[in-house]
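One-letter residues, chain by chain:
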Amino acid sequence: MDKATPDCPYPGCFFCVMKEGNPSKRRSSILKFFRELPSQDEDGQVLPISGLWNTAMAHPNDPEFIELGIFECMAALIWKGLKNRRWLSHDQNIYIPYYAAHIIGSYTMNMEEFAERAVQAGVIPPLVELLRGRLTWVEQRVAIRALGHLGTYPSTFPFVASHGEVLELSIQLALSSLEIVYSHFYQFVDTRMGYHCDLLTRGMGGVEMESKKAEEWASQLQCWSLQLINCFAFKPEFVSVICKPEFLTKLPAMWGGLVNENSPAGVGLLRTICHHKLGRGPVANCPGIIEALCNISRSSDDWQYMAIDCLLLLLQDSSTCHKVIDKAVPTLVDLTEISTLGDHKKLGDTIVNALQECVQTQGIGRTSFSAHTKELIDEVWNSRQRMKFEKNMLKEDLHIKQAAALVIKLEGNSLFSSGNIAGAASKYSEALALCPMRSRKERVVLYSNRAQCHLLLQQPMAAISDATRALCLHNPLNRHAKSLWRRAQAYDMLGLAKESLLDAILFINECSQANDPDPSLRPNKVPDYAEKLVKKQMRAAWLFREAAIKQGGVHCEGEAGDTCGEDADDSEWETASESDIANDGLEEMTDGGGGWKDDEERHNA
């Protein structure tokens, strides 16, 4: 390596080379640096590696270092750390394998040609060694990230798959990642490895900071494991390895994708599996999975459409339809009013067509379903027929139906105010039967009001169904604040903490929109009930909760070592206390009504 400039504090400084003004000389020096670095034992090697890490993060598509041999250098450094523990423990070399694997992952995440160069440079074998756990979970995290990027491309996937243990290791890591991080980092503050703390906080120390960052990294470890498994799941020959009951049943609860929007999460992996006939059978044979898919299909998270896809794929397969239809139909019926969800156009029509196909195939092969399921499908069919009929009705006749529905709705409001909850629910049902199908805003209110009645009558599933229908009718989709809150309460009754938490947070977000034209939804202080529910569900849905229970105690997510139970005091939830939302959302039950105008002018009473 050329000598550094006289004023440079780091002999043999790579950063001085980067400042070289002569492009030819600069490239030559960098090439030499990459070739010589793995064989050097001098102090300070981590400094240029961390600089390369920053460069890879900031400019992952820049080909310069790729052409000059950075992949060969990083692979050699990982091997050195694995084989030479004396060197690894010297100075700050313990950081180098982590940075090296991270650099490989960053440069291969976007460009297939870079991934091909990485494979040619021999990066896969040392990454697999890190994946095996030859060092620690921190290196496993970046190794599986890099392997996941390499597995994404058609030209490099076969090289990843040629290491037969990669899939099994990824499955085991997806299953155990949260417990690994909890037991090897989060649980015991005094035994945390110093360089782990430094990597997690980047110099911003503190037990609380380290603990929160550990949760994020644990989630990433899981989601990158799922991403790599998903690469294998596209290939039919690997489906049987993935479709083991002990793994499949855990997938719906794997929400690792929440910290990485590009991750398929557990639901996305299930959807990939369901695209294979070999995969649909094992999924359909696990009732718990179908129930979880139904819950996620009704939810408001980013993977809702993936869960819906899974249910549709299972229904459209004659060999699995009979196993799932009675569980899937009640959920899908609630979703038939969806117009667009993500990239899915006319998703409601797709659902209706799938349900009609189920009816048509009844009695053919093994497809059969209960009388209740038949009633629900008939309800959907009748609604569509009613919609077609109303298109040909005179405007005056539609206004008569609207007025009649309004009168009945007001009767329901009056009954609700007087405490006759069952009578109010019945009136809202009558109003829904009259209210024109195109009057979406009024139907949102009626479904949401009936959902509140079901809550008070301790009928959580009925409340979830009505709140979901209201959310599907609402524009924008899944953003009707009062229905979100009512469904959050219903989920809470059923012990579905994650679903309740998502709806409660969305409720607060919707109600805190300063520019909402509806006066009832303009900013106000977050009510105690919303704050209390969010804090409760955050404890119940805590990432490390299952691992903590397994290790002998449930620990709060704030201070490591503090044990909390059901009666623990609530600490201040800053996000809630600093937000502004509307009142408790019961105004719809007692609104005074009023005349109806044309659809586009109607107030969401």
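Basis of the calculations
- Residues numbered from 1 in each chain as written.
- Predicted model: local features only at pLDDT ≥ 70, side-chain atom pairs only at ≥ 80, totals over all residues.
- Heavy atoms only, no water.
- Salt bridge = Lys/Arg side-chain N within 4 Å of Asp/Glu carboxyl O.
- Helix = DSSP H or I, 4+ residues; strand = E, 2+ residues; numbered from the N terminus.
- Buried < 20%, exposed > 50% of the residue type's maximum accessible area, 1.4 Å probe, protein only.
- Patch = residues over 30% accessible without salt bridge, like charges linked within 9 Å, V, L, I, M, F, W, Y side chains within 5 Å.
- Areas by Shrake-Rupley, 256 points an atom, 1.4 Å probe, with all protein chains shown as cover.
- 1 Å grid on protein atoms, 1.4 Å probe; cavity = no way out; pocket = protein on both sides within 12 Å on 5 of 7 lines; lining within 4 Å.
- Points joined across faces, edges and corners; volume = space filled by probe spheres on them.
- Nonpolar A, V, L, I, M, F, W, Y, C, P; charged D, E, K, R; others polar.
- Phe/Tyr/Trp six-rings, centres within 6.5 Å; stacked < 30°, edge-to-face > 60°.

- Under an unreviewed UniProt entry, the name given to the chain is ARM repeat N-terminal plant domain-containing protein, and the organism recorded is Acorus calamus.

**As for the pattern of salt bridges**
Piece 1. In this structure the tally under the stated criterion is 30 salt bridges.
Piece 2. Here Glu-337 and Arg-443 are joined by a salt bridge, their closest N and O atoms 3.0 Å apart. Here the residue Glu-337 occupies a position in the loop between helix H21 (321-334) and strand S1 (340-341), and Arg-443 occupies one in helix H26 (residues 440-456), the gap between them amounting to 106 residues.
Piece 3. According to the relative accessible area criterion, Glu-337 is buried, its value standing at 16%.
Piece 4. Taken together, the shared-partner salt bridges connect Glu-129, Arg-132, Arg-134 and Glu-165 into one network.

**Some points on a nonpolar patch on the surface**
Piece 1. On the surface, a cluster of nonpolar side chains totalling about 250 Å² of accessible area is made up of Met-461, Met-493 and Leu-494.
Piece 2. Tracing the sequence through the fold places Met-493 in helix H28 (residues 481-494).

**Some details on empty space enclosed by the protein**
Here the idea is plain: a probe the size of a water molecule rolls over the atoms and shows the empty space left.
Piece 1. Per the stated rule, a full pass over the model turns up one cavity of 30 Å³ or more.
Piece 2. Space inside the largest cavity adds up to approximately 50 Å³.
Piece 3. Element by element, the count of residues in the lining of the largest cavity is highest for helix H17 (residues 265-274), at three residues.
Piece 4. Across the lining of the largest cavity, the residue classes tally to seven nonpolar, one polar and one charged.

**Describing the packing of aromatic side chains**
Piece 1. Scanning the model with the defined rule gives 21 aromatic pairs in all.
Piece 2. Ring geometry for Phe-71 versus Tyr-107: centroids 6.5 Å apart, planes at 90 degrees, classification edge-to-face. In this pair, Phe-71 is assigned in helix H5 (residues 70-83) and Tyr-107 in helix H7 (residues 96-108), connecting sequence segments 36 residues apart. For the pair formed by Phe-71 and Tyr-107, the shared burial category is buried.
Piece 3. On the numbers, 5.1 Å between centres and 55 degrees between planes, the contact of Tyr-186 with Phe-544 is tilted. Here Tyr-186 is found in helix H12 (residues 165-186), whereas its partner Phe-544 is found in the loop between helix H30 (528-540) and helix H31 (545-550), with 358 residues between them in sequence.

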